[in-house]
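# Descriptive analysis of the structure
So you can see what is in the structure, the chains are spelled out below.
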Amino acid sequence: MTTRPWSSTTASVEPGTLDQVTKARLYSGMQPSADSLQVGNYIGALMQWRDLQDSYDAFFSVVDLHALTQPNDPAELREKTRRTAAQYIAAGIEPSRSTLYVQSHVAAHPELAWILSTITGFGEAGRMTQFKDKSQRYGADVTSVGLFTYPILMAADILLYQTNIVPVGDDQKQHIELTRDLAERFNARYGETFTVPMPVIQQDTARIYDLQNPTAKMSKSAESDAGTLWLLDDPSVSAKKVMRAVTDSEGSVRYDRENKPGVSNLLVIYAALTGRQIPAIEDEYAGRGYGDFKKGLAEAVVNEFGPVRARALELLDDPAELDRVLAKNADRAAEVANATLNTVYDRIGLLRRR
Ligand code: AQP
């Protein structure tokens, strides 16, 4: 696995400047919305998580309540939840160093989401572009109120942990802005309660695109499978997808996002997975055509994800042990989350049960 130097972010927090005594907090999560995570999840988020987990008090959640915003088979959702947790660990998130848990194991998440929904404007929630995109894609029959309030639950996830930074891909930037607005609004009305979090977005890899449609984000819920590289795909399948990726007729390996979106996307993936700079890869393949370039990338994909896949499958062979680890981590998460929720309930004037 390649560890990348931490650079060029929209925001960064030096551990120690925010909190001289304890580490600053980091929170992030992913939906168990497919059998496997995709390479955009890995490069846009997981790699940052892994690099940052020791510098921060890190909380990583499998956000299964969020996944309920799409129709699910119950048994499959349970399986996808374990698979997502296994992939976090296989990608290098250590449950002994980070708090890795399942969102629905901590009841404070939907409880705080309700409170935050009462201070969120209807118009404000309606401006979220991810809701607009997904509701258009799913159609009126499948679009639920839960999909509409999704960003409020996400705000609750983050604010419960007094989070300083949230490493995400750039599709989540608007949701973090809403989270910040809600934290500031609550603090202004009821007194300092929440830490106002900052997004951390790795600019060069903020968005990985579909291999067949390189102007659309690679996504777990993409319509076609051919453009998505899955972490748990058999390496030979991933290699074939790379070899069939859309490029252009120019034949030169050159980064030009506007005119060569396919090749540029492949260059970004190549650089991220190997820790190399894009110009060095361009130089290596100068005058050699796309076939060689794709072979090199396919090899990098297999080298990176072969071991991740093997480790994830090994972890999934012992679901009882995985469940035990998740339960232990949920206890720690609940401790922190409940402390925040109790303060919130007191501040807004709920009569507490004695
Ligand atoms: N293509 C991408 N490039 C860079 N980062 C990405 N992320 C997702 N796709 C890309 C980042 O991965 C994390 C996963 O977030 P999520 O599972 O909560 O949902 P998402 O952002 O909506 O991801 P998907 O894969 O597109 O899932 P579906 O299809 O279920 O909605 C986030 O940090 C995200 O930025």
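Moving on to the site of the ligand. Neighbouring residues of the ligand: 25 residues in total, closest Ser33, Lys134, Asp171, Lys220 and Ser221. Here a nitrogen atom of the ligand and a backbone polar atom of Ile208 are 2.8 Å apart. Here an oxygen atom of the ligand sits 2.7 Å away from a polar atom, N or O, in the side chain of Ser219. Burial of the ligand by the protein chains amounts to 98% of its free accessible area of 640 Å². When contributions to the shell around the ligand are tallied by element, the ones reaching two or more residues are helix 1 (39-52) and helix 6 (129-138).

A regular strand places its side chains on the two faces of the sheet in alternate fashion. Buried residues dominate strand 1 (residues 25-30), accounting for five of its six residues. As paired elements, strand 1 and strand 2 (residues 57-62) share six bridges and run parallel to each other. Residue pairing across strands places Tyr27 opposite Phe59, the latter belonging to strand 2. Handedness of the crossover joining strand 1 and strand 2 through helix 1: right-handed.

What tends to happen in soluble globular proteins is that the nonpolar side chains get buried as a cluster. Grouped together as the largest cluster of nonpolar side chains are 61 residues, with contacts concentrated most on Tyr42, Ile43, Leu46, Tyr88 and Phe293. If we ignore the near neighbours within four places in the chain, the residues touching Phe293 are Val253, Val263, Leu266, Leu267, Tyr270, Ile281 and Tyr285. Counting residues in each nonpolar core, the second largest holds 45 residues, with Leu160, Val168, Leu182 and Val344 among its members.

Every second residue of strand 3 (residues 99-102) is oriented toward a common face, with Thr99 and Tyr101 on one face and Leu100 and Val102 on the other, all of them buried. When strand 2 meets strand 3, the two strands line up parallel, connected through four bridges. Residue Phe59 lies in a different strand from strand 3, and its bridge partner there is Thr99.

Moving on, we get to helix 6. Residues of helix 6 that are buried include every one of Gln130, Phe131, Lys134, Ser135 and Tyr138, and no others. The buried residues of helix 6 occupy an angular sector of 120° when the element is viewed end-on, so they sit on one face. Buried positions along helix 6 lie against helix 7 (145-160) and helix 8 (173-190). Among the residues trailing helix 6, Gly139 stands out with phi positive, at a value near 90°.

Let's shift gears to the confidence of the model for the protein. As a note on interpretation, predicted positions should not be read in detail where pLDDT is low. Across the protein, pLDDT averages 92, with 94% of residues at or above 70. Overall, residues 1-20 carries pLDDT values under 50, and its contacts beyond four positions in sequence, including any with other chains, amount to 52 contacts.

Checked against the element boundaries, Thr120 lands in the loop between helix 4 (108-117) and helix 5 (122-126). A relative accessible area of 14% means that Thr120 is categorised as buried. Each residue touching Thr120, except ones within four places of it in the same chain, is listed here: Ala125, Ile152, Leu182 and Arg185.

Turning to the packing of helix 9 (residues 235-243) against helix 12 (residues 289-316), a few remarks are in order. Following both chains from N to C, one finds helix 9 and helix 12 inclined at 150°, their axes separated by 9 Å at the closest point. In terms of axis orientation, helix 9 runs roughly antiparallel to helix 12. Of the two elements, helix 9 crosses helix 12, and the hand of that crossing is right-handed. Each of Pro235, Ser238, Ala239, Val242 and Met243 in helix 9 lies in contact with helix 12, whose residues at this interface are Gly291, Lys294, Lys295, Leu297, Ala298, Val301, Val302 and Arg309. Considering only residue class, the contact of helix 9 with helix 12 consists of eight nonpolar, two polar and three charged.

What counts, and where the lines are drawn
- Residues numbered from 1 in each chain as written.
- Predicted model: local features only at pLDDT ≥ 70, side-chain atom pairs only at ≥ 80, totals over all residues.
- Heavy atoms only, no water.
- Near = heavy atom within 4 Å.
- Polar contact = N/O pair within 3.5 Å; in protein donor to acceptor, adjacent residues only side chain to side chain.
- Areas by Shrake-Rupley, 256 points an atom, 1.4 Å probe, with all protein chains shown as cover.
- Helix = DSSP H or I, 4+ residues; strand = E, 2+ residues; numbered from the N terminus.
- Buried < 20%, exposed > 50% of the residue type's maximum accessible area, 1.4 Å probe, protein only.
- Pairing = 2+ DSSP bridges.
- Right-handed = clockwise from strand over helix to strand, strands pointing away.
- Core = buried A, V, L, I, M, F, W, Y, C linked by side-chain atoms within 4.5 Å.
- Contact = heavy atoms within 4.5 Å.
- Arc of directions from axis to C-beta.
- pLDDT = per-residue confidence, 0-100.
- Axes fitted to C-alpha atoms, helices over the stretch in contact; angles between N-to-C directions.
- Parallel < 35°, antiparallel > 145°, perpendicular 65-115°, else oblique.
- Left-handed = near helix turned anticlockwise from the far one by under 90°.
- Nonpolar A, V, L, I, M, F, W, Y, C, P; charged D, E, K, R; others polar.

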